Amino acid sequence: MLINGQWTQDWSPSDNKDSKGRYIRQLAGFRNWITATGIAGPTGEQGFVAEQGRYHLYAAYNCPWASRALTVLYLKGLEDCISVTFVNPKITDQGWKFEGFPLCEKEPLYGFDFLHQVYTKSDQQYSGRVTVPVLWDKKNQCIVSNESADIIRMFNSAFNEVTGSELDLYPEDLREEIDALNKAVYQNLNNGVYKAGFATTQSAYEEAYHAVFAQLDALESRLSDGRSFLFGERLTETDICAFVTLIRFDEVYHGLFKCNRNLLAQMPYLSAYTRRIYALPKIHQTVKFKHIKHHYYGIKALNPNGVIPLGPEGFAKKE
Ligand SMILES: N[C@@H](CCC(=O)N[C@@H](CS)C(=O)NCC(=O)O)C(=O)O
């Protein structure tokens, strides 16, 4: 992580825990918003107007948080408007680096080797974790946001006049329900699998494990009335949030994070739902199982020798 702008490597995700050994995720440090007119969003400074070509997304195919930002970028037709660079999925002693893995290119704006340089370019004294996704403003040369929950909302609404997109993943009439379900899905599933995987006590692991499967059971039952998506026939941001965890479930969370009561493949409605979203236009481009497996099974604290299991195949198709 960065401390006063200096990189320090003495840290592993399981170090971030409470007195009961529960994993705690740090809050994002940059919370500005791009808006259609440049007025400030719910948090942060004003001045980030939605413009063609002005912004850049640093993403990682392995990461569910970056993938939800990438997915909304594609669904909203923003690929010609916002450029994207993918970091190498194998995290190094200096955190995320550029190049050295298929589809991971050179850092295009400054020729940086590591993502922490993007953070200190924006704030020379930055202290905090260096995470993906990062939304960068090329004009003011600073980070707009490193919080994917905010990034998907701005992608959903800020650029409609630039792209002409009419897709609304956060429709007015469903906002309250979306917020409530997002919260449960985030706590119990998206972050819940991490809480199971990085727990350092038996009780913290068991608590997280039960929360993960209670949430999966609730979603399975919600989908059992035959609806296509969580809120019926309309795709919403909650579907994207759920999808990025579900698509990784059998390949990595079941084994490495010990969320192993059952495979997702054994839950008929949830697996059909995951396949339904996976089959939507452009979604395939956001899922790279090789990146996913190499990243997670490369986490030294959980898998010191880095051996990558061959199965289960789950949703993976041969790449
Ligand atoms: N709140 C952030 C969390 C992002 C996050 O934790 N990303 C992980 C990758 S999956 C990361 O970059 N971890 C590196 C680290 O914490 O050092 C978001 O949702 O945007």
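Right above here is the structure, for reference.
In this report, the structure presented in the accompanying data block is examined. (Residues numbered from 1 in each chain as written. Predicted model: local features only at pLDDT ≥ 70, side-chain atom pairs only at ≥ 80, totals over all residues. Heavy atoms only, no water.)

### Focus: the overall build of the chain
On a plain count of helices and strands, the chain comes out with nine helices and six strands. Against the globule reference of 20 Å for 319 residues, the chain gives a C-alpha radius of gyration of 19 Å, in line with a compact fold. Expressed as lengths along the three principal axes of its C-alpha atoms, the size of the chain is roughly 50 × 45 × 40 Å. Taking all 319 residues of the chain together, the buried fraction comes to 52%. Of the roughly 14,100 Å² that the chain leaves accessible, carbon and sulfur atoms contribute 49%. When the 34 basic and 36 acidic side-chain charges of the chain are each reduced to a single mean position, those positions are 5 Å apart. (Helix = DSSP H or I, 4+ residues; strand = E, 2+ residues; numbered from the N terminus. Rg over C-alpha atoms; globule rule 2.2 N^0.38 Å. Buried < 20%, exposed > 50% of the residue type's maximum accessible area, 1.4 Å probe, protein only. Areas by Shrake-Rupley, 256 points an atom, 1.4 Å probe, with all protein chains shown as cover. Lys, Arg positive; Asp, Glu negative; His and termini not counted. Charge placed at Lys NZ, Arg CZ, Asp CG, Glu CD.)

### Structural notes on the sheet that holds strand 6 (residues 142–145)
Ordered by their spatial adjacency, four strands build an open sheet running 4-3-5-6, and the pairing between neighbours is mixed. Each edge of the open sheet carries a strand with a single partner, namely strand 4 (83–86) and strand 6. With strand direction ignored, the average angle separating the axes of adjacent strands in the sheet is 30 degrees. Alignment of strand 3 (residues 55–59) against strand 5 (residues 134–137), held across four bridges, turns out to be antiparallel. Following the sheet pairing, Leu57 is matched in strand 5 by Leu135. Running over the sheet, helix 1 (residues 64–75) touches strand 3 and strand 4 and is turned about 140 degrees from strand 3. (Pairing = 2+ DSSP bridges. Axes fitted to C-alpha atoms, helices over the stretch in contact; angles between N-to-C directions. Contact = heavy atoms within 4.5 Å.)

### Description of the site of the ligand
Lining the immediate surroundings of the ligand are 14 residues, of which Arg25, Cys63, Arg129, Glu147 and Ser148 lie closest. Within the backbone of Val132, one N or O atom sits 3.0 Å away from an oxygen atom of the ligand. One of the side-chain nitrogen or oxygen atoms of Glu147 is found 2.8 Å away from a nitrogen atom of the ligand. Coverage of the ligand by the protein chains reaches 87% of its 520 Å² of free accessible surface. Across the shell around the ligand, the residue classes tally to eight nonpolar, three polar and three charged. (Near = heavy atom within 4 Å. Polar contact = N/O pair within 3.5 Å; in protein donor to acceptor, adjacent residues only side chain to side chain. Nonpolar A, V, L, I, M, F, W, Y, C, P; charged D, E, K, R; others polar.)

### Here's the deal with helix 8 (residues 268–278)
Considered for burial, the residues of helix 8 that qualify are Leu270, Ser271, Tyr273, Thr274, Ile277 and Tyr278. Relative to the axis of helix 8, the buried residues are bounded by an arc of 160 degrees and lie together on one face. (Arc of directions from axis to C-beta.)

### Concerning unusual backbone geometry
Geometrically, the link from Val132 to Pro133 is a cis peptide bond, its omega value of 0 degrees lying close to zero. Take Pro133: it is sitting in the loop between helix 2 (116–122) and strand 5. Here the bond from Gly311 into Pro312 is cis, since omega is -10 degrees, no more than 30 degrees from zero. Tracing the backbone through its elements, the reader meets Pro312 in the segment after helix 9 (289–296). Positive phi values are uncommon outside glycine, yet Asn4 reaches one of about 50 degrees. Looking at where Asn4 falls in the secondary structure, it is placed in the loop between strand 1 (2–3) and strand 2 (6–7). Classification of Asn4 by relative accessible area gives partly exposed; the value is 46%. At Gln141, a residue that is not glycine, the phi angle is positive and equals roughly 50 degrees. Structurally, Gln141 can be placed in the loop between strand 5 and strand 6.

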